[in-house]
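Listed here are the chains, written in short residue letters.
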Amino acid sequence: MGRARGPDRRQEIADAILEVMAREGIGALTMERVSGALGVTPGALFRHFPSRATMLNEAALRAVALLDATVPPAGPPPLERLQGFVEARFRLASRRLGLPQLVFSEQFGKALPPEGARAVRGAVLRTRDFLASALGDAAARGEVRTDVPPSELAITVMGVLFVRALLVTLAVRGTGGGGREPGATWSHVLRLIGPRPGEAVR
């Protein structure tokens, strides 16, 4: 774990937990695997956390922080906010293989202590609410389709990003799929959310 101390060391442990679960599955999570990924003994982990539950909570909070960092601030036009979000979330999926699927999986929520599970649910809901708000603003400007409510369109966008993240993971692991560049992913999303034929664009 190098020479990291305090919060940095705790973050390293949280990252290792997420990596083990994302790459090998939640059932593969053991302190031996986590410590092996860091090159230390299992006992070294407990110098920074009093229990396995507190480690899992830290991992959940780390995942939430990574997801929340992809949500752009208010201010730019809605399509610009949407594009920024889609491309940032895609880049996160490319850097942290398996993380989006892990966070959105029911098993992850069940494996976490209550505090961590609430934090993850909150991140998922914030993603949905951000998308619904930005899509609603874009619809008011005539920039996206209006035949589907923004709240439902938000779920469609989340599904597209989930599948794209899975394809990136499969491509990198050499098991099929095929990665896409962030711009290509945004183009795909834009085709889905854009005005339908015959809809007026303001």
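Since this is a predicted model, take the numbers as computed values, not measurements.

Novice: Would you mind going over the overall build of the chain with me for this structure?
Specialist: The helix and strand tally for the chain stands at 10 helices and 0 strands. Taken from the N to the C terminus, the helices and strands of the chain come in the order α-α-α-α-α-α-α-α-α-α. Counting across all 202 residues of the chain, residues that qualify as buried make up 43%. Considering only contacts within the chain whose residues lie at least 6 apart along the sequence, 66% involve residues at least 24 apart.

Novice: What's the story with the packing of helix α5 (residues 78-95) against helix α10 (residues 182-193) in this structure? I'm lost.
Specialist: Angle between the axes and distance between the axes: these two values describe a pair of packed helices. Relative to each other, α5 and α10 sit at 135 degrees, their axes nearing to 9 Å. One element, α5, and the other, α10, form an angle in the oblique class. Crossing angle aside, the handedness with which α5 passes α10 is right-handed. Contacts between α5 and α10 pair L79, L82, Q83, V86, E87, F90 and R91 from the former with P182, G183, T185, W186, V189, L190 and I193 from the latter.

Novice: Sorry if this is basic, but what is going on with the packing of aromatic side chains here?
Specialist: Here a ring pair, both rings aromatic, is described through the centre-centre distance and the interplanar angle of the planes. Under the defined criterion, the tally for this structure stands at 1 aromatic pair. When the ring of F85 is compared with that of F130, the centres are 5.3 Å apart and the planes differ by 50 degrees; the resulting orientation is tilted. With F85 in helix α5 and F130 in helix α8 (residues 114-140), the pair connects residues that are 45 residues apart, well separated along the chain. In this structure, F85 and F130 share a single accessibility class: buried.

Novice: Mind showing me how you'd approach helix α4 (residues 52-68) here?
Specialist: Between its terminal C-alpha atoms α4 stretches 24 Å, which fits the 24 Å expected from 17 residues at 1.5 Å a residue. Burial in α4 covers these residues: M55, L56, N57, A59, A60, R62, A63, V64, L66 and L67.

Novice: Would you mind showing me how to read the nonpolar core here?
Specialist: Burial of nonpolar side chains together is a common tendency in soluble globular proteins. Counting 32 residues, the largest nonpolar core has I17, V34, L99 and F108 as the members making the most contacts within it. Residues within four places of F108 in sequence aside, it is in contact with L18, M21, I26, A60, L102, V103 and V120. Grouped together as the second largest cluster of nonpolar side chains are 20 residues, V86, F130, M158 and W186 included.

Novice: I keep staring at the side chain of T70 and nothing clicks. Help me out?
Specialist: Tracing the chain through its elements places T70 in the loop between α4 and α5. In this structure T70 comes out as buried when scored by relative accessible area, which is 6%. A distance of 2.9 Å separates a polar atom in the side chain of T70 from a polar atom in the side chain of R89. Dropping the residues within four chain positions of it, T70 is found in contact with G84, F85, A88, R89 and L92.

Novice: Quick question: what am I supposed to make of the confidence of the model for the chain here?
Specialist: Predicted coordinates in areas of low pLDDT are best not read in detail. When pLDDT is averaged along the chain, the result is 88, and 90% of the positions lie at 70 or above. Taking the mean pLDDT of every element in the chain, the minimum, 84, falls on helix α6 (residues 99-103) and the maximum, 95, on α8.

Novice: Please explain the packing of α4 against α8 as it appears in this structure.
Specialist: α8 packs onto α4 with a crossing angle of 10 degrees between their chain directions and a minimal axis gap of 8 Å. Taken together, α4 and α8 sit at an angle that is classed as roughly parallel. Counted together, N57, A60, L61, V64, L67 and D68 of α4 and E115, G116, A119, V120, A123 and R126 of α8 form the full contact between these two elements. Partitioning the contact of α4 with α8 into residue classes produces 7 nonpolar, 2 polar and 3 charged.

Cut-off values and rules
Residues numbered from 1 in each chain as written. Predicted model: local features only at pLDDT ≥ 70, side-chain atom pairs only at ≥ 80, totals over all residues. Heavy atoms only, no water. Helix = DSSP H or I, 4+ residues; strand = E, 2+ residues; numbered from the N terminus. Buried < 20%, exposed > 50% of the residue type's maximum accessible area, 1.4 Å probe, protein only. Contact = heavy atoms within 4.5 Å. Axes fitted to C-alpha atoms, helices over the stretch in contact; angles between N-to-C directions. Parallel < 35°, antiparallel > 145°, perpendicular 65-115°, else oblique. Left-handed = near helix turned anticlockwise from the far one by under 90°. Phe/Tyr/Trp six-rings, centres within 6.5 Å; stacked < 30°, edge-to-face > 60°. Expected span 1.5 Å × (residues − 1). Core = buried A, V, L, I, M, F, W, Y, C linked by side-chain atoms within 4.5 Å. Polar contact = N/O pair within 3.5 Å; in protein donor to acceptor, adjacent residues only side chain to side chain. pLDDT = per-residue confidence, 0-100. Nonpolar A, V, L, I, M, F, W, Y, C, P; charged D, E, K, R; others polar.

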